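Residue-level structural notes
Letter by letter, the chains look like this.
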Amino acid sequence: MATVSFRDATRVYPGADTPAVDRLNLDINDGEFMVLVGPSGCGKSTTLRMLAGLEEVTSGSVWIGEQDVTELPPKDRDLAMVFQNYALYPHMTVGENMGFALKMQNVPKEEREHRVMEAAKLLGLEEFLDRWPKALSGGQRQRVAMGRAIVRQPQVFLMDEPLSNLDAKLRVSTRTQIAALQTRLEVTTLYVTHDQVEAMTLGDRVAVMREGVLQQVDSPLALWDTPKNVFVASFIGTPPMNLMPGTPVDGGIRIGKHVLAMPRETVERITDDEVTVGIRPDNLVITDSPEDAEFHVEKVELPGSDAYLYGTIDGAGPEVCARVQTRRPPQAGERVRLGVAEDRIHLFSTRTGDRIS
Ligand SMILES: Nc1ncnc2c1ncn2[C@@H]1O[C@H](COP(=O)(O)OP(=O)(O)O)[C@@H](O)[C@H]1O
Ligand SMILES: [Mg+2]
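Here we summarise the structure given alongside this text. (Residues numbered from 1 in each chain as written. Chains lettered and ligands numbered in written order. Predicted model: local features only at pLDDT ≥ 70, side-chain atom pairs only at ≥ 80, totals over all residues. Heavy atoms only, no water.)

**Remarks on the nonpolar core**
Judged by nonpolar contacts, the single largest core of 43 residues is most densely connected at Met98, Tyr191 and Val208. Sort the elements by how many residues they give to this core and helix H4 (residues 138–151) lands first, with six residues. Setting aside anything within four residues of it in sequence, one finds Tyr191 in contact with Phe33, Met34, Val35, Leu36, Met159, Pro162, Leu163, Ile178, Glu198 and Leu202. One finds Ala9, Leu36, Val62 and Ile64 within the second-largest nonpolar core, a separate group that totals 27 residues. (Core = buried A, V, L, I, M, F, W, Y, C linked by side-chain atoms within 4.5 Å. Buried < 20%, exposed > 50% of the residue type's maximum accessible area, 1.4 Å probe, protein only. Helix = DSSP H or I, 4+ residues; strand = E, 2+ residues; numbered from the N terminus. Contact = heavy atoms within 4.5 Å.)

Okay, structure coming up:
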């Protein structure tokens, strides 16, 4: 096992104006499951490939344990990678596929078979060892790809969107299996995905990236409760956090005609004339208080036990979504009062996008 560190790690592709990964500083603890998440093209795969040695590091360094591996060839880095396109060798059985890397390393046959069997047991693949890849489902093939990584007993696992090719239901069950497996094996893991739900359910910690720049590294709970900026706030959570322009005034923040009550100390600390108010749909509740904002319901969705109300505050401004737990939601065209607990209101500087704490 080992720690992993990126120190000002930067990758500029030849001919590119801006770095694909820009001065990344990230420490992964021994045995930790770190998830790197962000929109497509933000530099996740490049980060992973720098750690694997498949992409040159333009400046900065990459460390595994106490060793600077920046210049080390991939084969000497003692890590195993699982990709989105887990191409198995079609002319080899599942067992042969899983043991192939060991064979290349001249690991004796007996030990090879032992390690393949151990991995097969972990993954529930014992009965498939003699089958051909084409006789497996997508999910089973994905487990074989995991098995190939596990038998190598590496110091670090690297996974690049390994679930992307699976259908929604299988993705959720395989996700649970990966989490359980990683907990059991305690191998330091860097897992890349563009799916924030996947990130939040899998990661011990989650690193959020945007346009090559790391935005925040935190536990899923901390990302949820205290996003560092507007980007992280709106990237984590579905439906996304409501963001509304507000003006600090006596007694709170004015949003349109409504004044959202806030403690005097909070308002006095704000130096900007304009702020962005963030409230998660989950934190809005229907109330009878005339103090609360009047919400004009325009659309109601009922995907399950909760109702999603879409509308506007006082019939103006950006669309706001409220997720309310009720079997009898209001109808489109109705008006209701929406309240929010003071400690569930997020404030950001409109100028910089940074959180105002
Ligand atoms: N081999 C390459 N040559 C040039 N540019 C690349 C190469 N690979 C990726 N890029 C660019 O680098 C940026 C980051 O890509 P990537 O790391 O693949 O993002 P992600 O995995 O987050 O989708 C993108 O703008 C992409 O177009
Ligand atoms: Mg990628």
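On we go from here.
**Thoughts on the side chain of Thr70**
Positionally, Thr70 belongs in the loop between strand S5 (67–68) and strand S6 (79–82). For Thr70, a relative accessible area of 14% puts it in the buried group. From its side chain, Thr70 meets the backbone nitrogen of Val62 in a polar contact 3.0 Å long. At 2.5 Å, the side chain of Thr70 forms a polar contact with the side chain of Asp68. (Polar contact = N/O pair within 3.5 Å; in protein donor to acceptor, adjacent residues only side chain to side chain.)

**A closer look at the site of ligand 1**
Around ligand 1 sit Tyr13, Ala20, Pro39, Ser40, Gly41, Cys42, Gly43, Lys44, Ser45 and Thr46, and that is every residue in its neighbourhood. Within the side chain of Lys44, a nitrogen or oxygen atom sits 2.9 Å from an oxygen atom of ligand 1. Within the side chain of Ser45, one N or O atom sits 2.8 Å away from an oxygen atom of ligand 1. Taken together, the residues that form the shell around ligand 1 break down as four nonpolar, five polar and one charged. (Near = heavy atom within 4 Å. Nonpolar A, V, L, I, M, F, W, Y, C, P; charged D, E, K, R; others polar.)

**Quick word on the sheet that holds strand S15 (residues 284–287)**
The strand order S15-S19-S16-S17-S18 describes an open sheet built from five strands, whose pairing is antiparallel. Each edge of the open sheet is held by one strand with a lone partner, namely S15 and strand S18 (316–324). In this sheet, adjacent strand axes meet at a mean angle of 50° when their direction is disregarded. (Pairing = 2+ DSSP bridges. Axes fitted to C-alpha atoms, helices over the stretch in contact; angles between N-to-C directions.)

**Examining the packing of H4 against helix H5 (residues 168–185)**
The N-to-C vectors of H4 and H5 enclose an angle of 20°; their axes lie 11 Å apart at closest approach. Between H4 and H5, the angle is such that the two are roughly parallel. Read as a crossing pair, H4 and H5 show a hand that is right-handed. Across the interface between the two elements, Gly138, Gly139, Gln142, Arg143, Met146 and Ile150 from H4 touch Leu170, Thr174, Gln177, Ile178, Leu181 and Leu185 from H5. (Parallel < 35°, antiparallel > 145°, perpendicular 65-115°, else oblique. Left-handed = near helix turned anticlockwise from the far one by under 90°.)

Purely geometric stuff here, so don't read any function into it on its own.
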